[in-house]
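# Observations on chain architecture
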Amino acid sequence: LTGRLYKISYVGKGASQQSAAGETAVNSGLASRHHLTRQRTRQELLAAGPDAIEQQITRQLSEPDALAAAEALWTLRQSGWANAVSIIETGLRHPDGSVRRLAVQLLREQNARPSGLEQLIDDVDPAVQLEAAIGLPATEDRLNAVARSLRAGAASVPRLRYQAAL
């Protein structure tokens, strides 16, 4: 089969314009499946500053949508705001394991050690366990926690085995 796909959309007077301002735009923008919409929303959030959007990003991190929460974490990482680390720590309590793992990874990259890191070593997700184990400061504790996460299921995932070997 060959052919071209076209999208026909009306651009004349009265065409609906999606406003990027407001809380609903932030909610739909960070959770959008289209990467350019997410990128545009991130840029607008960064331009607005920390005081204007702190509550909105914190709300994104507390809702169950993993894509929006991950985008909120990446926005905070990109921001460089003084309170970004404390907001990223709220991602450690997200119901999705991939968001918790990303929060631990981003905190470790910023040399921030969250207070609940020891509790994440006993997380139900092996990827979160391994990421938390790597973030431990003491070498002996780190090695024991990595071995525990491998026994808990991280060894069955090739990416986690490779990460643990590093």
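Read on for a plain summary of the structure.

Looking only at helices and strands, the chain features 10 helices and 0 strands. In the chain, the order of α-helices and β-strands from amino to carboxyl end is α-α-α-α-α-α-α-α-α-α. Taken across its 166 residues, the chain has 39% of its residues classed as buried. Partitioning the intrachain contacts of the chain with sequence separation of at least 6 by distance along the chain shows that 53% fall at a separation of at least 24. Accessible surface computed for the chain: about 10200 Å², of which carbon and sulfur atoms make up 52%.

With a phi angle near 55 degrees, Asn111 is a residue other than glycine that sits in the positive phi range. In this fold, Asn111 is placed in the loop between α6 (97-109) and α7 (117-120).

A few words on the packing of helix α2 (residues 35-48) against helix α4 (residues 66-79). Two numbers describe a pair of packed helices, the interaxial angle and the distance between the axes. At a closest axis distance of 10 Å, the pairing of α2 and α4 adopts a crossing angle of 45 degrees. Judged by the inter-axis angle, α2 sits oblique to α4. Here the hand of the crossing between α2 and α4 comes out right-handed. Contact residues: α2 offers Arg38, Arg42, Leu45 and Leu46, while α4 offers Leu67, Glu71, Thr75, Gln78 and Ser79. Of the residues assigned to the contact of α2 with α4, the class counts are 3 nonpolar, 3 polar and 3 charged.

Attention now moves to the environment of Arg108. The topology assignment puts Arg108 in helix α6. The spatial distance from the C-alpha of Arg108 to the C-alpha of Gly135 is 6.1 Å, given a sequence separation of 27 residues. Beyond its immediate chain neighbours, meaning those up to four positions away, Arg108 contacts Glu131, Ile134 and Gly135. Of the polar contacts made by the side chain of Arg108, one reaches the side chain of Glu131; its length is 2.3 Å.

For the rest of this paragraph, the subject is the environment of Ser32. Relative to the assigned elements, Ser32 resides in the loop between α1 (23-30) and α2. Look at Ser32 and you get buried, because its relative accessible area is 14%. In this structure the C-alpha to C-alpha distance between Ser32 and Ala68, which are 36 residues apart in sequence, comes to 7.8 Å. The contact partners of Ser32, leaving out residues within four places of it in the chain, are Thr37, Arg38 and Leu67. A distance of 3.1 Å separates a polar side-chain atom of Ser32 from the backbone nitrogen of His34.

Moving on to the environment of Arg42. Note on placement: Arg42 falls in helix α2. It is 8.0 Å that separates the C-alpha atoms of Arg42 and Ala72, two residues lying 30 residues apart in sequence. Ignoring any residue separated from it by four or fewer positions in sequence, one finds Arg42 in contact with Leu30, Glu71, Thr75 and Gln78.

In this section: the nonpolar core. Core analysis: the largest hydrophobic core is formed by 37 residues, its most contacted members being Ile57, Leu61, Leu73, Leu76, Ile88, Leu92 and Leu120. Of all the elements in the fold, those that place two or more residues in this core are α3 (50-62), α4, α5 (84-88), α6, α7, α8 (126-134) and α9 (139-151). Ranked by the residues each element gives to this core, the list is headed by α4, at 7 residues. Among residues more than four places away in sequence, those in contact with Leu61 are Ala69, Ala72, Leu73, Leu76, Ile87, Thr90, Gly91 and His94.

Quick notes on the rules
Residues numbered from 1 in each chain as written. Predicted model: local features only at pLDDT ≥ 70, side-chain atom pairs only at ≥ 80, totals over all residues. Heavy atoms only, no water. Helix = DSSP H or I, 4+ residues; strand = E, 2+ residues; numbered from the N terminus. Buried < 20%, exposed > 50% of the residue type's maximum accessible area, 1.4 Å probe, protein only. Contact = heavy atoms within 4.5 Å. Areas by Shrake-Rupley, 256 points an atom, 1.4 Å probe, with all protein chains shown as cover. Axes fitted to C-alpha atoms, helices over the stretch in contact; angles between N-to-C directions. Parallel < 35°, antiparallel > 145°, perpendicular 65-115°, else oblique. Left-handed = near helix turned anticlockwise from the far one by under 90°. Nonpolar A, V, L, I, M, F, W, Y, C, P; charged D, E, K, R; others polar. Polar contact = N/O pair within 3.5 Å; in protein donor to acceptor, adjacent residues only side chain to side chain. Core = buried A, V, L, I, M, F, W, Y, C linked by side-chain atoms within 4.5 Å.

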